[in-house]
Structures are given as structure tokens and as C-alpha cells.
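Residue-level structure breakdown
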Amino acid sequence: MSQQLTSCAVVTSRTNSTPERADLPSPRTLWSVRGQKPMLRLWCKLHDKLVKGAATWQQPTGGSGLALLGDSITESWRGTEFGRRVPRAAGVPRVLRETLGTRWPAPLVLGIAGDQTQHLLWRLQHGEAVAPWTQAPGMLSVLLIGTNNLGAGQRPAEAAAGVLAVASWLLRHTAGRVLVLATLPRADAWRLRQLCPAACRREGTAEALGRGKVRTRCVCDAARRPRRSFMPAVLRLNGLVRPGVAALGHRAAFADCGDEFVAPPGSLKAGVRRELMPDACVARPLEPRAGCSSKANAHRL
């Protein structure tokens, strides 16, 4: 076992179920894995693998480099979910090579399924942000993170603060540019029921015991019922992040690729295009995702 993995395992073993802040670095804790302790070990194992990959990454000769940072949508570029091969991600590395890889050969992929902004911030500060990629002036870091903050019950303003904290950290500690992608649409309204359990509806409290007997924030409507859609929160989050990124300076830009995933009016599957998001939350690596590269070109990145 490497020293990095040992350090991560020690940190996570000392955690409790106290809610994490989106804008402060934190490893996965019992709160963010909903009491599933084996997940902490898996998270540390994958983090250790990403640390090693980042340390050995080499910038393509005569070209610029690309780093993809985020959660499960980003990790799928590696063909894995939580470090394990899964059918959902089959063929994704090939799509990466045939799309973004044609402009940016050998992109560095630093994503872990389920991560929130505070987890990515912690990972960067604990070994994943290292030379040579952090010192390459032609490097483009593409950030897609935040949807899992909403899924954990955090408010859009909290999630936006986390996204901007990661972007700001990257600008301070890397020599390249940062492209922040908008949080994608999601139509997995069934997950909102987990954020408004019976105790929330019955007692009207701010918090209640949720999955894994971990205290979770009650996210209910005014009538103490589960909210019907994540989309108001997604739109609010993106509306806060866009001007925040603009204020970060010329090395940062914002792009919204979400329109490609929205189902057309009158479709049988309302919300999102299920051929692109089968589970209504995690995007498949089809052409609209690769289309974000054209938006990067539009921003001259």
C-alpha cells in the first residue's frame, strides 16, 4: 500500500457523519457515502491511482494538454465507475480518443463517481495536482462538478460556492486555462424523495435520519412534500456560476452544453433525452458531449 493511500485511509477512517461544506476541501466521509464504510476504501484506492497517473502524465510533444476534472461523468472517460469497469462506460475511452483526443492527445482524466466539489478540491490538494500538468502553460483544465452537491441536499448557492472554489484554486495553482462547464440537466426526480424522508414530512424539521442512518438536510417543498424536479436548482446553480466565472479573469471561461440533453417539447420522455441520459442523470458519451469542444473553441481556449 502506498503512502498516499495510507494517508487517505487514515483521514477517512477518522471521519464522522457531520455534513461537509461545498467550498472547503474534504475527503469522502460517512456523510457523503451515506454510512457505507466500504466506499471510503474504494474512494481512497481510486484517488491513489489518479495521483500516480497525474505524476506520470506527459504533455504531448508540440501540442497543448487537456485535463478533465469532475465526478462520474468525467470518470466515464476512463471506462470505469469507482475504478471498476462497468457496462455503462464501455467504449467511452474510444469516444474520447475520436473526439477530444484529436485535438488534445493523451488527456488526463481525474474523475471519481459521486464526487462533490469539496471532494475534488481535497483530491487536488492531496496529490492529483502535480507537475508536469500544473506547470504546462498550454494546459486546459475542464471542470464539470456540482450536480452531486445538489443530490446531497445542498442549496444551489452552496454548490455554486464549491464550483467557484475549485475553479479559483485551479487558477492559482496551475499555469493554464480553466473551462467551467455548466451542471447538466437531470430528471431523476425519484432521488428527491430520499431528500424528503418521512421524518421530514412528519416533523417539519431541518434535518432527519436518511440512508445509512446519516443525518441529511430536509429538502421538501412548502407543503413538506418531495420536490418534483432538480431543474430549478440546476438552473439556479448555473445562473450563479456563470457570472462568478466571468469575475475570475481572462484565463477562465464558462460553457453550457446542457441544451443538447433537454428533451424536446411533447416528447414521451419529458425532462432529458434518455438516449443520452439513460438514468436521467449521468450522460452517455455521445456526440453532444464531444460538442463541448466546439464551445471551447468559441471561447478561444
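Below: a short report on this structure. Only a predicted model underlies this, so the values are computations on that prediction, with no experimental measurement involved. (Residues numbered from 1 in each chain as written. Predicted model: local features only at pLDDT ≥ 70, side-chain atom pairs only at ≥ 80, totals over all residues. Heavy atoms only, no water.)

1. Observations regarding the nonpolar core
Counting 48 residues, the largest nonpolar core has Leu124, Trp133, Leu143, Leu170, Val180 and Val241 as the members making the most contacts within it. Elements supplying a minimum of two residues to this core: α2 (37–56), β1 (66–70), β4 (108–111), α5 (117–128), α7 (156–173), β6 (177–181), α9 (231–246) and β9 (252–255). Broken down by element, the residue count for this core peaks at 10 residues, all from α7. When residues no more than four places from it in sequence are discounted, the contact partners of Leu143 are Leu69, Leu120, Val163, Val166, Ala167, Leu179, Val180 and Leu181. The next biggest cluster of nonpolar side chains, apart from the first, holds 20 residues, and it includes Leu66, Leu140, Ala253 and Cys257. (Core = buried A, V, L, I, M, F, W, Y, C linked by side-chain atoms within 4.5 Å. Buried < 20%, exposed > 50% of the residue type's maximum accessible area, 1.4 Å probe, protein only. Helix = DSSP H or I, 4+ residues; strand = E, 2+ residues; numbered from the N terminus. Contact = heavy atoms within 4.5 Å.)

2. As for the packing of aromatic side chains
Aromatic ring pairs are defined here through the distance separating the ring centres and the angle between the ring planes. This model, assessed by the stated rule, comprises 1 aromatic pair. Arranged with centres 5.6 Å apart and planes meeting at 45°, the rings of Trp43 and Trp122 form a pair that is tilted. A residue pair is termed long-range when its members are at least 10 positions apart, and Trp43 in helix α2 and Trp122 in helix α5 qualify at 79 residues. You can call Trp43 buried: its relative accessible area is 0%. Overall, Trp122 belongs to the buried group, its relative accessible area being 6%. (Phe/Tyr/Trp six-rings, centres within 6.5 Å; stacked < 30°, edge-to-face > 60°.)

3. Observations regarding the sheet that holds β6
In space, the 5 strands of this open sheet follow the order β4-β1-β5-β6-β9, with parallel pairing throughout. The sheet terminates laterally at β4 and β9, the two strands that pair on one side only. On average, each strand axis in the sheet is inclined to that of its neighbour by 20°, with strand direction left out of account. Note: β6 against β9, 4 bridges, orientation parallel. Residue pairing for β9: Leu181 is matched across the bridge by Ala255. Running at roughly 130° to β4, α5 makes contact with β1, β4 and β5 (140–144) of the sheet. Along the sheet, α9 makes contact with β6 and β9, crossing β9 at roughly 150°. (Pairing = 2+ DSSP bridges. Axes fitted to C-alpha atoms, helices over the stretch in contact; angles between N-to-C directions.)

4. Remarks on the pairing of β5
In terms of residue burial, β5 counts as a mostly covered element, since 5 of its 5 residues are buried. Side chains Leu140, Val142 and Leu144 project from β5 onto one buried face, and the interleaved Ser141 and Leu143 project onto a second face that is buried too. Where β1 lies against β5, 5 bridges are found, and the strand directions are parallel. Pairing of Ala67 across the sheet is with Ser141, part of β5. Where β5 lies against β6, 4 bridges are found, and the strand directions are parallel. Note on β6: the bridge partner recorded for Val142 is Leu179.

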